[in-house]
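# Understanding the architecture of this molecule
Given next are the chains, with one letter for each unit.
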Amino acid sequence: TAYEIRLSLVGSEMCIRDRYQRRVRGIASSDEFRWFLGGWIKFTPELMPFYAPTINSYKRFVAASWAPVGLAAGRDNRTAGFRIVGDGQSLRIENRIPGADCNPYLALAASLASGLEGIAQKIEPPPLLRGDGYTKSTTVKLGTVPRSLSEAVNLFSAPSSISRKLFGNDIVDHYTHFYRDEITQYNRAVTDWEVKRYFEQI
């Protein structure tokens, strides 16, 4: 189950009507909107534990499941990780990647921090996804979300990870310890699936 986050930029010239002159790969928007989207997309893999914090979180990310696997934005495209909806003052971004098991405070903190870093660095978003994000026939070569908690934590905890710049070493190291302990507990467990699959065979 998803925990979709929808954000728009309001006030201080970020989202006022007369600044909707440029385009996010074909969608009229402010520079700040475009850069916010670019940062949000770019830094998602390194902040993934805040969007998908459990072993089970990553079972969602399979093709044709309506859970996005591609790091792309699309105009009202539910197969994209980031769905752009609305126009003018109602223009907004829907992040479809977080799961219902996330801590909403951490997920929102990661969203705001990565988007604001995108504005600070003036990060351009990738071309809009057109068509089915699950197939190979799309018009955009997609990056993908991490496919396991272990992969996500490795990106999150790396010395060069954006997470350390945005949240500081103490917070990153604290959550890294927590997530790695979760992974260790899982690796020590024998699941019902393994018992049913292998008990009579081996």
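Structure's up top.
Below, the structure is looked at part by part. What you see is a predicted model, and the numbers here were worked out from it, not measured in a lab. (Residues numbered from 1 in each chain as written. Predicted model: local features only at pLDDT ≥ 70, side-chain atom pairs only at ≥ 80, totals over all residues. Heavy atoms only, no water.)

## Topic: the pairing of strand 6 (residues 82-85)
Burial of the side chains of strand 6 extends over both faces: Phe82 and Ile84 are buried on one face and Arg83 and Val85 on the other. Pairing geometry for strand 5 (residues 73-75) and strand 6, over three bridges, is parallel. Paired with arginine 75 across the strands is isoleucine 84, a residue of strand 6. Here four bridges tie strand 6 to strand 7 (residues 92-95), and the two strands are oriented antiparallel to one another. Its bridge partner being in strand 7, isoleucine 84 is matched across the sheet by isoleucine 93. The hairpin formed by strand 6 and strand 7 contains six residues between the paired strands, and glycine 86 there has a positive phi angle of roughly 85°. (Buried < 20%, exposed > 50% of the residue type's maximum accessible area, 1.4 Å probe, protein only. Helix = DSSP H or I, 4+ residues; strand = E, 2+ residues; numbered from the N terminus. Pairing = 2+ DSSP bridges.)

## Re the packing of helix 1 (residues 31-42) against helix 3 (residues 104-121)
It is the contact of helix 1 with helix 3, at a shortest axis distance of 7 Å, that shows an interaxial angle of 120°. Overall, the two elements helix 1 and helix 3 adopt an arrangement that is oblique. As helix 1 packs across helix 3, the resulting crossing turns out to be right-handed. Within the contact between the two elements, helix 1 uses Glu32, Trp35, Phe36, Gly39, Trp40 and Lys42 and helix 3 uses Ser111, Leu112, Ser114, Gly115, Leu116, Gly118, Ile119 and Gln121. Residues of the contact of helix 1 with helix 3, tallied by class, amount to six nonpolar, six polar and two charged. (Axes fitted to C-alpha atoms, helices over the stretch in contact; angles between N-to-C directions. Parallel < 35°, antiparallel > 145°, perpendicular 65-115°, else oblique. Left-handed = near helix turned anticlockwise from the far one by under 90°. Contact = heavy atoms within 4.5 Å. Nonpolar A, V, L, I, M, F, W, Y, C, P; charged D, E, K, R; others polar.)

## Some remarks on the pattern of salt bridges
According to the stated counting rule, one finds ten salt bridges in the structure shown. For the salt bridge of glutamate 4 with arginine 6, the shortest nitrogen-to-oxygen distance reads 3.1 Å. The exposure class of glutamate 4 is partly exposed, given its relative accessible area of 28%. Connected through salt bridges with shared partners, the residues Glu4, Arg6, Asp76, Arg83, Glu94 and Arg96 form a single ionic network. (Salt bridge = Lys/Arg side-chain N within 4 Å of Asp/Glu carboxyl O.)

## So, the packing of aromatic side chains
Enumeration according to the criterion identifies ten aromatic pairs in this entry. The interplanar angle of 65° and the centroid separation of 5.5 Å between the aromatic rings of phenylalanine 178 and tyrosine 179 together place this pair among those described as edge-to-face. Every member of this aromatic cluster is reached through a ring pair, and the members are Phe50, Phe156, Phe167, Tyr175, Phe178 and Tyr179. (Phe/Tyr/Trp six-rings, centres within 6.5 Å; stacked < 30°, edge-to-face > 60°.)

## Examining the packing of helix 4 (residues 149-157) against helix 6 (residues 169-188)
One can describe the packing of helix 4 onto helix 6 by two numbers: an axis separation of 10 Å at closest approach and a directional angle of 160°. When the axes of helix 4 and helix 6 are compared, the pair comes out roughly antiparallel. Here helix 4 and helix 6 pass one another in a crossing that is left-handed. Touching Leu149, Ser150, Val153, Asn154, Phe156 and Ser157 of helix 4 are Val172, Tyr175, Thr176, Tyr179, Arg180, Glu182 and Ile183, all from helix 6. Its residues assigned to classes, the contact of helix 4 with helix 6 shows seven nonpolar, four polar and two charged.

## Section: helix 4
Leu149, Ala152, Val153, Phe156 and Ser157 are the residues of helix 4 that are buried. Take helix 4 and look down its axis: the buried residues cluster within an arc of 120°, on one side only. The elements touched by buried residues of helix 4 are helix 2 (48-51), helix 5 (162-167) and helix 6. (Arc of directions from axis to C-beta.)

## Description of the pairing of strand 7
Relative to strand 7, strand 1 (residues 5-7) is paired through three bridges, and the arrangement is antiparallel. Opposite arginine 6, over in strand 7, you have glutamate 94 as the bridge partner.

## Let's talk about helix 1
Look at helix 1: 16 Å from first C-alpha to last across twelve residues, which is about the 16 Å you get at 1.5 Å a residue. Counting buried residues along helix 1, eleven of its twelve residues qualify, which places the element largely inside the surrounding structure. (Expected span 1.5 Å × (residues − 1).)

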